[in-house]
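Analysis of the macromolecular model
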Amino acid sequence: MRGLHRVKMRVNGRDYELEVPGHERLLDTLRYRLGFTGVKEGCGRGECGTCIVLVNGEPRNSCLTLTARLDGAEVTTIEGIAPPGKLHAIQVAFIETAGVQCGFCTPGFIMVAKALLDRNIDPSEEEIRNWLTSVLCRCGSYHLYIDAVKKASEYLKKGVVFIDERDVREKLHLRVVG
Amino acid sequence: MILIRDKRIKPPKYLVDILRFRDQLSYVRLENGYVKIGALATPWDLSQSILHRDERFAGFRDVWSKFGTMSLRFMATIGGNIATATDFSDYLVLLHVYNASVRLRGVNGERVVPLEKLILERRKPDLKPGEIITEVLFPEPPVGASSAFEKFDRRSILVAGLANSASYIQLEGKRIIDVRISLDTTGLNRIPGRLRELEDYLKGREFSAELIEKAVEEVIPRSVAKYSDWWASGEYRLEMTKVSVKRSLLKACKRLGVV
Ligand SMILES: Cc1cc2nc3c(=O)[nH]c(=O)nc-3n(C[C@H](O)[C@H](O)[C@H](O)COP(=O)(O)OP(=O)(O)OC[C@H]3O[C@@H](n4cnc5c(N)ncnc54)[C@H](O)[C@@H]3O)c2cc1C
Ligand code: FES
Ligand code: FES
């Protein structure tokens, strides 16, 4: 596992050329090399799903993925699902349903929801439950996450994909403190 | 990766990335009377194939619905599931009832090995240095056959299973023409295996729920041994194995419309 591997990957729409050791996990590349700290490490062993990102459109536990094998891959993290100043409909739906407590698991849920809705814009409750098995929430508002995915599906069916962050703040009377 | 991290195995000197062949080795094909699955097919790939649409393969849907979590179903491969070679390899348990073999390829050529001969010990498949599994294959089952897989644990998902079983059954009317049953482990070696004594008991008889009940209660206690650990006692595992086998047999029969 010695020696460095050259990896070209596109992360959140930007191209990177990296040299990484063979044992480096995608989770560490994203968090510590590239600064995408929306990718969380809960368990480091495939169980909690807080580290899930999209690799070539598929959900992947980045704690179980070696970066060295991702040459040519396209990676999306929570930071890359909407352009600057905008929120993705799924993010807005999660904010509006207010299920989030500590928020540690939320990026994982949103990435899994995106993988699902990219494949099926109108999933059944059973499908939503099935896909959301990918992530554990210790604060435990699962039923609200199911509602959030349903709500996101409604937005997307109406063609609403990105929403201005300012509009969301105004609508929900959210203030940025500090 | 997890075993290395937990210091349960030594880090390898070299790591070969076989996922580069994913495009070539993630197929599911019906060919010359055989079902052939590329070793790098993931549960997701299987879910998009005939294996999830045809009742003859219904057990594949059962394994899918109990396999890890959704995101892991995009990552795990069927070849890796077999090579892991433990009582927790769910596809391995199911593939036993399809009389599956694996195609191995290495620098010295190719060989086809039946699953029952492949697993030498827990975590020890008979793979020579430089050899990998490239394909899983099994005879295409006849119409009138179906299968089921049962996984039992304290939760329904993200569990290894305390008593897992698979059944394959072919009926003519109510007569059992063919039946194959496998367990996560039949003994203390903790590798999946077939329950031939129970199969022989059932073969040729008329199916009924009472027959299944009687056969399982009679045969399993004398032909199966289960280990104890801090999750569950051997006695509990054995008791739940009986339940698991009854359920998987009944589920397969229900799929054939006789329950
Ligand atoms: C959180 C979690 C939940 C899980 N849940 C389940 C579950 O419900 N059911 C279940 O059955 N398993 C489960 N697993 C185990 C694992 O995901 C599966 O066994 C999976 O199929 C392994 O495939 P892989 O491609 O990831 O193999 P890897 O883990 O990459 O490899 C395992 C071993 O097999 C070897 N290997 C892999 N492919 C080949 C090949 N083609 N030829 C030769 N050798 C090969 C590797 O060198 C390695 O030694 C779970 C794992 C985790 C982390
Ligand atoms: S950190 Fe990857 S699954 Fe928990
Ligand atoms: S909101 Fe706290 S872990 Fe999910």
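Residue positions are given per chain, counting from 1 as you read along its sequence in written order. Here chains are named by letter from A upward and ligands by number from 1 upward, in the order in which they appear as written. Where totals are concerned, whole chains, interfaces and linings use all residues; where local detail is concerned, this predicted model gives features only for residues with pLDDT of at least 70, and gives and counts side-chain atom pairs only at 80 or more. Water and hydrogen atoms were dropped before computing side-chain values, which therefore reflect all heavy atoms in the structure.

A word on the domain arrangement of chain B. Residues and elements named next belong to chain B. Domain parsing of chain B yields domain 1 (22–139) and domain 2 (145–255). Residue ranges assigned to each domain were obtained from an automatic or database domain assignment. Here domain 1 and domain 2 have C-alpha centroids that lie 21 Å from each other. Each partner contributes residues to the interface: domain 1 has 29 residues there, and domain 2 has 32 residues. Summed over both partners, the accessible surface that disappears when two parts come together, traced with a 1.4 Å probe, is what is meant by buried area. When domain 1 packs against domain 2, close to 2500 Å² is buried across both sides, 55% of that on carbon and sulfur atoms. Three residues stand out in domain 1 for area buried against domain 2, namely Lys66, Asp87 and Val97, and they jointly supply 26% of the buried area on that side. Any carboxyl oxygen of Asp or Glu within 4 Å of a side-chain nitrogen of Lys or Arg constitutes a salt bridge here. Across the domain 1-domain 2 interface, the total number found is five salt bridges. Whether two residues are in contact is decided by their heavy atoms: any pair within 4.5 Å suffices.

Residue-level contacts link 22 residues of chain B with 24 residues of chain A. Between chain B and chain A the total buried area reaches about 2200 Å² when both faces are included, carbon and sulfur atoms providing 59% of it. Together, Met1(B), Phe74(B) and Met75(B) form the three largest contributors to the area buried by chain B at its contact with chain A, with a combined 26%. Across the contact surface, chain B and chain A share three salt bridges. Note that Arg22(B) is salt-bridged to Glu58(A), the shortest N-O span being 3.3 Å.

This part is about the packing of helix 4 (residues 125–132) of chain A against helix 5 (residues 142–157) of chain A. Residues and elements named next belong to chain A. A fitted line through C-alpha atoms serves as each axis, taken over the contacting stretch for helices, and the angle formed by two N-to-C directions is quoted from 0 to 180°. Numbered from the N terminus, helices here are DSSP runs of H or I no shorter than four residues, and strands are runs of E no shorter than two. Contact pair helix 4 / helix 5: the axes reach a minimum separation of 10 Å and the direction vectors enclose 120°. When the axis of helix 4 is compared with that of helix 5, the two are oblique. Viewed along their axes, helix 4 and helix 5 form a crossing whose handedness is right-handed. Taking contact as the criterion, the partners of Glu125, Ile128, Arg129 and Leu132 in helix 4 are, on helix 5, Tyr145, Ile146, Val149 and Lys150. Considering only residue class, the contact of helix 4 with helix 5 consists of five nonpolar, no polar and three charged. Working definition: roughly parallel below 35 degrees, roughly antiparallel above 145 degrees, roughly perpendicular at 65 to 115 degrees, and oblique for all remaining angles. Helix crossings are classified by the rotation of the near helix relative to the far one: an anticlockwise turn of less than a right angle makes the crossing left-handed, while a clockwise turn makes it right-handed. Any residue that is not Ala, Val, Leu, Ile, Met, Phe, Trp, Tyr, Cys, Pro, Asp, Glu, Lys or Arg is counted as polar, Gly included; the first ten are nonpolar and the last four charged.

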